[in-house]
Amino acid sequence: MTNRNVLVLDTTLRDGEQVPGAKLNTLQKIEFAQQLKRLHVDMIEAGFPASSQGDFHAVQQIAKKVGDQISITALARAVKSDIDAVYESIKLAQNPFIHIVLGTSNIHLEKKFARSEDAVMQMGVDAVKYAKTLLPEVQYSTEDASRSDYEYLWRTIEAVVKAGATIINVPDTVGYAVPEEFGDLIRRINERLKNLDDKVILSVHCHNDLGMATANTLSAIKNGAQKVECTINGLGERAGNTSLEEVVMGLKVRENFYGCTTRIQTKEILQTSRLLTHLTGLDVQVNKAITGDNAFAHSSGIHQDGLLKDKNVYEIMSPEEVGGEKMELILTARSGRHAFKNAVERMGFSVTNTEEFELLFEKFITLADAKKEVYDHDVFYLVTEHLNKPQSRGHLYELASFQVVTNDQYPTASVELKKGSDVLRGSSIGDGPIDALYSVIKTLTDLDVQLTHYKINSISRGKEAVGRVHLQISCDGKTYTGRAMDTDIIKASAIAYINGINAVILDQMELAENLVEQ
Ligand code: KIV
Ligand code: ZN
């Protein structure tokens, strides 16, 4: 019997982005969507356009930039204005579809809608009928399906399929399901759905509140699900969503059991995971399956001995299969342009402009002089930092120089910033060196921002590790992130703060441009 293909929808930019602290700006979302394209996901849920002007704009940009090869969707509640917002934001993609969500459990009917079963079902049917006037493909999600009365759930599915829904998505919204029960639910729905209309795709969407999202999703696949919704690193509401890498590798490693494949380029998995960590600042737990730092590390003597004799003794998949070999290359200041270019290209970046490459190489040499050993990890951050540099430099701040003197009485910071051809200088004292530094930068930039979160950690191995700072600032009720890395943690802190301030400025510029476009 030939293997069955399972479609993979990535919802990191919608469900994943609902996580506090995971908010990305439009440029970051596009960058991540481009990596999802390299990963070969079949569909991207790019956002919830009715939620804000910014989200609408980001979904629209993703549809334009990657919608030529990947099917794009976005979320709508079962109301006309949400459906219109989805349609308007995704219509330029080659293969767009509208995703409508509406609850089916008693608790949703009684507490959320205070309406009868029939009234809620009618809302769903009307929403699908309206969406079908805009696009041929419509996905309907029966929110909280795993806690719904089965017969009502089925009646809803039947009604929305008759109204034109082409994908039925069955969510375990609150992570309540267990694998045997969820698999059984999917089998029962699948049997009836195939009789009703065998062209309709059956999909699942699980949450990880009991740590069973991957198991539930795999069980659903075993029982007939043709499409799965996942996020990278399992990011998502509360305990997160089903992790894409776990399901994909589960199907690959246990193909003999599941008899299913996906189109995912597994060699891009680690890269995608690292990019997401870099963009959101949310670290992956070290022992997380597939993407954790220790996922392929064997520490016990017995295991190392076994591995040396034969890898298969303790390894069910190789790190290379998920792009892991990229991590082991060590560069030094003597590595030269060719080795550096090779490392950059193996990580999926292409720097064709010679001037741009020379700038990058200069930065690499500075890092290699400071660190002695440069891992691919470091190169990755170096390149993404460099490529992230916005075009609009004249409007943004750059750190020209700084000095921090710390003691237990008056920690003091002096800073020189550049903005286009302007040079701004100032000094300040603070409760500590970082506080003094941030106080002077805030005064110089004259923006009313508040630091709400600050985190520093080491991002690479070795004694000369690079420090990475990830912070959040708020301005006018919105949250912005700033990141930076450097072997000098005070400098990384200053640059991260300036990057956060630049994010505010970019957002204000983007908003102004949107207003002009309208
Ligand atoms: O968890 C959920 O039910 C959802 C739906 C929108 C699919 O995210
Ligand atoms: Zn969800």
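Residues numbered from 1 in each chain as written. Chains lettered and ligands numbered in written order. Predicted model: local features only at pLDDT ≥ 70, side-chain atom pairs only at ≥ 80, totals over all residues. Heavy atoms only, no water.

1. Things to note about the sheet that holds strand E4 (residues 71-77)
One closed barrel holds the 8 strands; their spatial order is E2-E3-E4-E5-E6-E7-E8-E9, and the pairing between them is parallel. Between one strand axis and the next, the sheet turns by 25 degrees as a mean value, whatever way the strands run. Here 4 bridges tie strand E2 (residues 7-10) to strand E9 (residues 227-230), and the two strands are oriented parallel to one another. By the bridge assignment for E9, Val8 is matched with Val228. Those strands touched by helix H6 (residues 150-163) are strand E6 (138-143) and strand E7 (167-172), and its axis lies near 165 degrees from that of E6. (Pairing = 2+ DSSP bridges. Helix = DSSP H or I, 4+ residues; strand = E, 2+ residues; numbered from the N terminus. Axes fitted to C-alpha atoms, helices over the stretch in contact; angles between N-to-C directions. Contact = heavy atoms within 4.5 Å.)

2. Notes on the packing of aromatic side chains
Throughout the structure, instances matching the rule amount to 8 aromatic pairs. Note on Phe257 and Tyr258: the rings are 4.9 Å apart at their centroids and 90 degrees apart in plane angle, and the pair reads as edge-to-face. Residue Tyr258 is classed as buried on the basis of its relative accessible area of 19%. Pairwise contacts between aromatic rings join Phe340, Phe357, Phe361 and Phe364 into one cluster. Stacked on the ring of Tyr150, the Lys or Arg Arg188 has its end atom at 3.9 Å from the ring centre. (Phe/Tyr/Trp six-rings, centres within 6.5 Å; stacked < 30°, edge-to-face > 60°. Buried < 20%, exposed > 50% of the residue type's maximum accessible area, 1.4 Å probe, protein only. Lys NZ or Arg CZ within 6 Å of the ring centre and 35° of its normal.)

3. A word on the nonpolar core
Core analysis: the largest hydrophobic core is formed by 108 residues, its most contacted members being Ile44, Ile100, Ile168 and Phe340. Ranked by residues supplied to this core, first place goes to H6 with 8 residues. Not counting residues within four places of it along the chain, the set of residues in contact with Ile100 comprises Ala76, Arg77, Ala78, Ile83, Ala127, Val128, Ala131, Val138, Gln139, Tyr140 and Ser141. (Core = buried A, V, L, I, M, F, W, Y, C linked by side-chain atoms within 4.5 Å.)

4. Some thoughts on the coordination of the zinc ion (ligand 2)
Every protein donor of the zinc ion (ligand 2) is listed here as Asp15 (OD), His205 (NE2) and His207 (NE2), and their distances to the metal cover 2.0 to 2.1 Å. Each donor residue of the zinc ion (ligand 2) lies on the same chain, and together they follow the pattern D-x189-H-x1-H. A residue pair is termed long-range when its members are at least 10 positions apart, and Asp15 in the loop between E2 and helix H1 (26-39) and His207 in the loop between strand E8 (201-206) and helix H8 (213-222) qualify at 192 residues. Owing to a relative accessible area of 3%, Asp15 belongs among the buried residues under this scheme. Under the relative-accessibility criterion, His207 is labelled buried at 4%. (Donors = N, O, S within 2.8 Å, 3.2 Å for Na, K, Ca; no water.)

5. Considerations on the UniProt feature "binding site: Mn(2+)" (unreviewed entry) in the protein chain
In the numbering used here, UniProt assigns the "binding site: Mn(2+)" (unreviewed entry) feature to Asp15, His205, His207 and Asn241. Across 227 residues of sequence, these annotated residues stay compact in space, with a maximum C-alpha separation of 10.3 Å. Leaving out residues up to four positions away in the same chain, Asp15 has contacts with His205, His207, Gly236, Glu237 and Asn241. Within the secondary structure, His205 sits in strand E8. Using a relative accessible area of 5% as the deciding quantity, one classes His205 as buried. When residues no more than four places from it in sequence are discounted, the contact partners of His205 are Thr11, Arg14, Asp15, Asn169, Val170, Pro171, Asp172, Glu229 and Asn241. A polar atom in the side chain of His205 sits 2.7 Å from the side chain of Glu229. (UniProt positions renumbered as here; feature names shortened; annotations may be inferred. Polar contact = N/O pair within 3.5 Å; in protein donor to acceptor, adjacent residues only side chain to side chain.)

6. Things to note about the site of ligand 1
Every residue near ligand 1 is listed here: Arg14, Asp15, Leu75, His99, Val101, Ser141, Glu143, Asn169, Pro171, Thr173, His205 and His207. Between an oxygen atom of ligand 1 and a side-chain N or O atom of Asp15, the distance comes to 3.0 Å. In the environment of ligand 1, an oxygen atom lies 2.7 Å from a nitrogen or oxygen atom belonging to the side chain of Thr173. Across the complex, the protein chains shield 94% of the 260 Å² of accessible surface that ligand 1 would expose by itself. Secondary-structure elements contributing two or more residues to the shell around ligand 1 are strand E5 (97-103), E6 and E7. Here the shell around ligand 1 is built from residues that sort into 3 nonpolar, 6 polar and 3 charged. (Near = heavy atom within 4 Å. Areas by Shrake-Rupley, 256 points an atom, 1.4 Å probe, with all protein chains shown as cover. Nonpolar A, V, L, I, M, F, W, Y, C, P; charged D, E, K, R; others polar.)

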